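Structural overview for review
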Amino acid sequence: MSPEYLETRSKRMLAFHKIEGAGPTVVFLGGFKSEMAGTKALHLEDWAKREGNSYLRFDYSGHGVSSGKFSEGCIGDWADDAEYVIQRTTDGPLILIGSSMGGWIALLMVQRMAERIAALITIAAAPDFTEDGVWNQFSDQQKSEVMEDGKTFLPSEYGEPYPITRKLIEDGRNHLILRSSFQVDFPVRMLQGDKDQSVTRETALRLFDHMEGEDINLSFLKGGDHSLSSPESLAVLENRLNTLIERLG
């Protein structure tokens, strides 16, 4: 099925798929250089059709079939994309599901539209990864390449190397969320694989410790990798989602 498109104020064309149904609307927020046609996003769409629940998946600019070049994007752009699509295609309460970088984007959505968030599920969330997971681990040569040449490249287990640009690093510093604690007044379910090679368990614990609320749960999945896209991991995700929706009524 062909996606629908929205044009942003910055003239970016954002592709999305929306399933109409009961609420709260479940919104999937994908990771760094991922697409809305990925395993988790499509699994959740099948779940939504089966359950009759409202569901939204989309591609950030420079990702998937949305317009723009990936190497020209940054966290601020992708957060703006998420806010734009969510505000224009949904109403009422939301359950955000953020995978990897999407966990960071989801937390930025919490800052921008807290009154609409009914629950949050993170999957190997990677908040502040541009600073803590990339820049702080760069060699002096890599830092020099970024600052002087404008970019460097990181190997990726998912295909072509990731371009890491000066814009990505500098913009990321404007959106860091783990420098102080923050309140969440809704249920949070965090999923983390103990074999994740991209996001450490220390990152998961750090995020857990920075959130203040009465209903926050962190689960480590034994043998789980970064994607958590195995049938077993997807079953856990679906269980968490069903339990939250039942609780929310």
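Data block above holds the structure.
Described below are features of the structure shown in this document.

Reading the values: rules and limits
Residues numbered from 1 in each chain as written. Predicted model: local features only at pLDDT ≥ 70, side-chain atom pairs only at ≥ 80, totals over all residues. Heavy atoms only, no water. Helix = DSSP H or I, 4+ residues; strand = E, 2+ residues; numbered from the N terminus. Rg over C-alpha atoms; globule rule 2.2 N^0.38 Å. Buried < 20%, exposed > 50% of the residue type's maximum accessible area, 1.4 Å probe, protein only. Contact = heavy atoms within 4.5 Å. Areas by Shrake-Rupley, 256 points an atom, 1.4 Å probe, with all protein chains shown as cover. Lys, Arg positive; Asp, Glu negative; His and termini not counted. Charge placed at Lys NZ, Arg CZ, Asp CG, Glu CD. Patch = residues over 30% accessible without salt bridge, like charges linked within 9 Å, V, L, I, M, F, W, Y side chains within 5 Å. Salt bridge = Lys/Arg side-chain N within 4 Å of Asp/Glu carboxyl O. Core = buried A, V, L, I, M, F, W, Y, C linked by side-chain atoms within 4.5 Å. Axes fitted to C-alpha atoms, helices over the stretch in contact; angles between N-to-C directions. Parallel < 35°, antiparallel > 145°, perpendicular 65-115°, else oblique. Left-handed = near helix turned anticlockwise from the far one by under 90°. Nonpolar A, V, L, I, M, F, W, Y, C, P; charged D, E, K, R; others polar.

The helix and strand tally for the protein chain stands at 8 helices and 12 strands. For a compact globule of 249 residues, the expected C-alpha radius of gyration is about 18 Å, and the protein chain comes in at 17 Å, within 12% of that figure. Referenced to the eigenvectors of the C-alpha coordinate spread, the extents of the protein chain come out at roughly 55 × 40 × 30 Å. Of all 249 residues assigned to the protein chain, the portion counted as buried reaches 55%. Nonlocal contacts in the protein chain, meaning residues at least 24 apart in sequence, comprise 73% of its contacts between residues at least 6 apart. For the protein chain, the exposed area adds up to about 11500 Å²; of that, 45% sits on carbon and sulfur atoms. Across the protein chain, the mean location of the 26 positive side-chain charges is 1 Å away from that of the 38 negative side-chain charges.

Moving on to a nonpolar patch on the surface. Together, Tyr 5, Met 13 and Val 65 make up a nonpolar patch on the protein surface, roughly 250 Å² of accessible area in all. By the element assignment, Met 13 lies in strand 2 (residues 13–19).

What follows deals with the nonpolar core. Counting residues in each nonpolar core, the largest one holds 56 residues, and the members touching the most others are Leu 96 and Ile 105. Considering every element that reaches this core, the biggest residue donor is helix 3 (residues 101–112), with 8 residues. Discounting residues that sit within four places of it in the chain, Leu 96 has contacts with Val 27, Leu 29, Ile 86, Ala 106, Met 109, Ile 117, Ala 119, Leu 120 and Ile 121. Counting residues in each nonpolar core, the second largest holds 21 residues, with Ile 19, Ile 95, Ile 97 and Ile 123 among its members.

It is the contact of helix 2 (residues 75–89) with helix 3, at a shortest axis distance of 10 Å, that shows an interaxial angle of 60°. Overall, the two elements helix 2 and helix 3 adopt an arrangement that is oblique. Of the two elements, helix 2 crosses helix 3, and the hand of that crossing is right-handed. Contacts between helix 2 and helix 3 pair Ile 75, Trp 78, Ala 79, Asp 80, Ala 82, Glu 83 and Ile 86 from the former with Met 101, Trp 104, Ile 105, Leu 108, Met 109 and Arg 112 from the latter.

Attention now moves to the packing of helix 1 (residues 39–51) against helix 8 (residues 231–248). A pair of packed helices is characterised by two quantities: the angle between their axes and the separation of those axes. Across the interface, helix 1 lies against helix 8 with an axial gap of 11 Å and an inter-helix angle of 45°. As judged from the angle between their axes, helix 1 and helix 8 are oblique. Crossing hand, helix 1 versus helix 8: right-handed. For the pair helix 1 and helix 8, the contacting residues are Thr 39, Lys 40, His 43, Leu 44, Trp 47 and Arg 50 in the first and Leu 234, Leu 237, Glu 238, Leu 241, Asn 242 and Ile 245 in the second. Broken down by class, the residue content of the contact of helix 1 with helix 8 amounts to 6 nonpolar, 3 polar and 3 charged.

Here the structure, examined in full by the defined rule, presents 19 salt bridges. Notably, a salt bridge pairs Glu 45 with Lys 49, separated by 3.8 Å at the nearest N-O pair. Taken together, the residues Glu 45 and Lys 49, both in helix 1 and 4 residues apart, mark about one turn of the helix. A salt bridge links Asp 132 to Arg 179; the shortest N-O distance between them is 2.8 Å. Note that Asp 132 is positioned in helix 4 (residues 129–134) and Arg 179 in the loop between helix 6 (166–172) and strand 9 (182–183), a separation of 47 residues in sequence. Here Arg 179 falls in the partly exposed class, since its relative accessible area comes to 45%. Put simply, Arg 12, Asp 77, Asp 81 and Lys 167 are held in one network by salt bridges that share partners.

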